[in-house]
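Fold and geometry: a report
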Amino acid sequence: EAEVEDAVRRAGGDREALRRGAVVGTPEQCAEQVLEYVRAGVGDFILRARPPADVRQLELFAKRVAPIVRAEGQAILARA
């Protein structure tokens, strides 16, 4: 959570404003935000990172967020 707050501060300091156009939070929070779209019927996503890209954030997304979304998203879409 402290890393999230630091990243939010570096990006301008308004977490809610950032959430309107980006996925923001811990890996678990980010997965839940993406899964909201899956529940609405979205099946594909494009990952975008503004330069200079934070490689650690991209790695966290790939290693911690994507697996949750993949597993839970498949179950959600199967029920739809």
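Residues numbered from 1 in each chain as written. Predicted model: local features only at pLDDT ≥ 70, side-chain atom pairs only at ≥ 80, totals over all residues. Heavy atoms only, no water.

**Thoughts on the pattern of salt bridges**
If you walk through the whole model with that rule in mind, you get three salt bridges. Its salt-bridge partner being Arg56, residue Glu3 comes within 2.9 Å of it at the nearest N-O pair. One end of the pair, Glu3, is in helix H1 (residues 2–10); the other, Arg56, is in helix H4 (residues 55–79), and 53 residues separate them in sequence. (Salt bridge = Lys/Arg side-chain N within 4 Å of Asp/Glu carboxyl O. Helix = DSSP H or I, 4+ residues; strand = E, 2+ residues; numbered from the N terminus.)

**Here we look at the nonpolar core**
Core analysis: the biggest nonpolar cluster contains eight residues, these being Cys30, Ala31, Val34, Leu35, Val38, Val65, Val69 and Ile76. Counting residues per element, the ones that place at least two in this core are helix H3 (27–39) and H4. (Core = buried A, V, L, I, M, F, W, Y, C linked by side-chain atoms within 4.5 Å. Buried < 20%, exposed > 50% of the residue type's maximum accessible area, 1.4 Å probe, protein only.)

**Considering the packing of aromatic side chains**
This structure, assessed with the given rule, holds one aromatic pair. On the basis of an interplanar angle of 75° and a centroid distance of 6.5 Å, the ring pair of Tyr37 and Phe45 is categorised as edge-to-face. Overall, the relative accessible area of 42% leaves Phe45 in the partly exposed class. (Phe/Tyr/Trp six-rings, centres within 6.5 Å; stacked < 30°, edge-to-face > 60°.)

**Thoughts on the environment of Val4**
Among the structural elements, Val4 can be located in helix H1. Excluding anything up to four places from it in sequence, Val4 contacts Arg15, Val24, Gly25 and Thr26. (Contact = heavy atoms within 4.5 Å.)

**Let's talk about H4**
The terminal C-alpha atoms of H4 lie 35 Å apart, and with 25 residues this matches the ideal 36 Å at 1.5 Å per residue to within 8%. Helix geometry: H4 is bent most strongly at Val65, by close to 40°, with proline Pro67 lying one to four residues after it. Every buried residue of H4 is listed here: Val65, Ala66, Val69, Gly73 and Ile76. Close packing links the buried residues of H4 with H3. Between the side-chain oxygen of the N-cap and the backbone nitrogen of Arg56 there are 3.0 Å, and the N-cap of H4 in question is Asp54. (Expected span 1.5 Å × (residues − 1). Bend = angle between axes of the 7 residues up to and from the residue. Polar contact = N/O pair within 3.5 Å; in protein donor to acceptor, adjacent residues only side chain to side chain.)

**Some points on H3**
End to end, H3 covers 18 Å across 13 residues, agreeing with the expected 18 Å (1.5 Å per residue, within 8%). For H3, the complete set of buried residues consists of Pro27, Cys30, Ala31, Gln33, Val34, Leu35 and Val38. Turning to H3, the residues buried within the fold contact helix H2 (15–19) and H4. Among the residues trailing H3, Gly41 stands out with phi positive, at a value near 110°.

Any functional reading would require information that these geometric values do not contain.
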